[in-house]
Amino acid sequence: MNPDPIPYAHQDISQTDVEAVVRVLRGDWLTQGPSVPAFEQAVAQSCGAAHAVAVNSATSALHLACLALGVTAGDVVWTTPMTFVASANCARYCGATVDFVDIDPCTWCMSAEQLRVKLAYARGTGRPLPKVVIPVHFAGQSCDMMRIRQLSEEYGFRIIEDASHAIGGTYGRAPVGSCAYSDITVFSFHPVKIMTTGEGGMALTNSTELAERMGRWRAHGITRDPARFARPSDGPWYYEQIDLGFNYRMTDIQAALGHSQLSRLQEFVDRRNVLAEQYDAAFATLPIQSQQRPAHVRSARHLYVVRVAQSSRRGLYEHLSASGIGVNVHYIPVHLHPDYRQLGFAEGQYPQAEQYYREAVSLPMYFALSDAQQERVIGEVRRVLMQPARAA
Ligand SMILES: *Cc1c(COP(=O)(O)O)cnc(C)c1O
């Protein structure tokens, strides 16, 4: 008899979560009711940020964040090639050009040193400097924000943290999302992430102006604030579209689920950290490289990635998959997708990200993964990697 399959990621929905959603379904507001601002305030407070704008996905939050910072045609935005495509696509939605900064070979986050080198080269050769840089907190682990912030002051760019993997993590004493080192931080509430609203995302900021813009553009560019009206009010029904926005709203159904999930965020992150430490310990003597974590960072542990010899990667993936163990690869470097190659990107441009990609496998990592299930994963990884090397 085959044991039950183990997914690589899974949401954890409690009875309390179900009841919170049902209460909204039986109430008066399915969208644009009181649950969205309540959820926004709760997340902002837990992160220590002044404002939060809930939207229907992190992709939408990244788009609004770029727009709020004035990204437009002719601008350049830099991010990492080792991320989900949405971190780069957001700049293209605004008509801007995307470029990439290679990863650090040990932390797998955008390399602050490569960023410094690329900025100095651009300035020295008269190439365009970025208007916005989007570091991605890879696998839940914060980038070197202090260093990136210093560079932003030297080179005059703005910062959007793509923290889709990292809600519940910390950088120094600051929770990820505090925006202590950035203009805007974005979270994703997709079911594979740390906590979920089904689909959903949020943008946090300490700027009243940026929050106001993102809030307006999430709902068509409409304002009901008389202080912002361009024309005299026609009456109490009056509102104005003052610029072009979108329908990126989060529903009250989603917000109620998110608010309920938020109460278990630390529990989720604690368990993920225990699982990650157990994987680290079990793999210490195997030919595996795990993500290097600086001491002052607490990762939210969205993913647990192992790097193995390029020659073992496919075998490991296929063996685990055939054993009913959910595996994945995060990520195909963004610049190697056909839609980016047609913009001129090519293999060889970001060697650290490309080498990482040839060696990486994501193992199961989620709140409800039991110790016994994790033992099974570890046993199968061992079985593949302890096989004596075959002669080539
Ligand atoms: C999941 C993810 C996104 C997109 O999130 P959605 O909520 O699905 O739009 C963006 N960036 C990164 C790094 C992600 O992992």
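Residues numbered from 1 in each chain as written. Predicted model: local features only at pLDDT ≥ 70, side-chain atom pairs only at ≥ 80, totals over all residues. Heavy atoms only, no water.

Helix-helix packing is characterised by the crossing angle of the two axes and by the distance between the axes. Closest axis-to-axis distance for the helix H10 (residues 310-322)/helix H13 (residues 371-385) pair is 10 Å, and the angle between their directions is 140°. Considering the angle they form, H10 stands oblique to H13. At the point where H10 passes H13, the crossing takes the right-handed sense. On the side of H10, the interface is formed by Ser 312, Leu 316, His 319 and Leu 320, while H13 contributes Val 377, Glu 380, Val 381, Arg 383, Val 384 and Leu 385. Broken down by class, the residue content of the contact of H10 with H13 amounts to six nonpolar, two polar and two charged. (Axes fitted to C-alpha atoms, helices over the stretch in contact; angles between N-to-C directions. Helix = DSSP H or I, 4+ residues; strand = E, 2+ residues; numbered from the N terminus. Parallel < 35°, antiparallel > 145°, perpendicular 65-115°, else oblique. Left-handed = near helix turned anticlockwise from the far one by under 90°. Contact = heavy atoms within 4.5 Å. Nonpolar A, V, L, I, M, F, W, Y, C, P; charged D, E, K, R; others polar.)

Burial of strand E5 (residues 158-162) is extensive: four of the five residues sit out of reach of the surface. Direction of pairing for strand E4 (residues 132-134) relative to E5: parallel, over a ladder of two bridges. From the neighbouring strand, Val 132 faces E5, where its bridge partner is Arg 158. Taking the sense of rotation as the criterion, the β-α-β connection linking E4, helix H6 (residues 145-155) and E5 turns out right-handed. As paired elements, E5 and strand E8 (residues 184-188) share three bridges and run parallel to each other. The residue of E8 that forms the bridge with Ile 160 is Ile 184. (Buried < 20%, exposed > 50% of the residue type's maximum accessible area, 1.4 Å probe, protein only. Pairing = 2+ DSSP bridges. Right-handed = clockwise from strand over helix to strand, strands pointing away.)

Below, the discussion takes up the sheet that holds strand E3 (residues 97-100). In spatial order, the strands read E1-E9-E8-E5-E4-E2-E3; together these seven strands make up an open sheet with mixed pairing. One side of each edge strand has no neighbouring strand; the edge strands of this open sheet are strand E1 (51-55) and E3. Strand-to-strand twist in this sheet, taken as the mean axis angle between neighbours without regard to direction, amounts to 20°. On top of the sheet, helix H7 (residues 208-217) reaches E1, E5, E8 and strand E9 (201-205); it is set at about 15° to E1, its chief contact.

The next subject is the environment of Glu 113. Counting through the fold element by element, Glu 113 comes out in helix H5 (residues 112-125). Residue class for Glu 113 comes out partly exposed when judged on its relative accessible area of 34%. Counting along the chain gives 34 residues from Glu 113 to Arg 147, while the straight-line C-alpha distance between them is 8.7 Å. Engagement of the side chain of Glu 113 in a polar contact is seen with the side chain of Arg 147, the distance being 3.1 Å. (Polar contact = N/O pair within 3.5 Å; in protein donor to acceptor, adjacent residues only side chain to side chain.)

Turning our eyes to something else, we now look at the site of the ligand. Lining the immediate environment of the ligand, one finds 15 residues, of which Thr 59, Asp 162, His 165, Ser 188 and Lys 193 sit closest. Between Ser 188 and the ligand, the recorded distance is 2.8 Å, taken from a side-chain N or O atom to an oxygen atom. Here the ligand, which alone exposes 390 Å², has 93% of that area covered by the protein. Partitioning the shell around the ligand into residue classes produces five nonpolar, eight polar and two charged. (Near = heavy atom within 4 Å. Areas by Shrake-Rupley, 256 points an atom, 1.4 Å probe, with all protein chains shown as cover.)

This is a description of form; function is not addressed.
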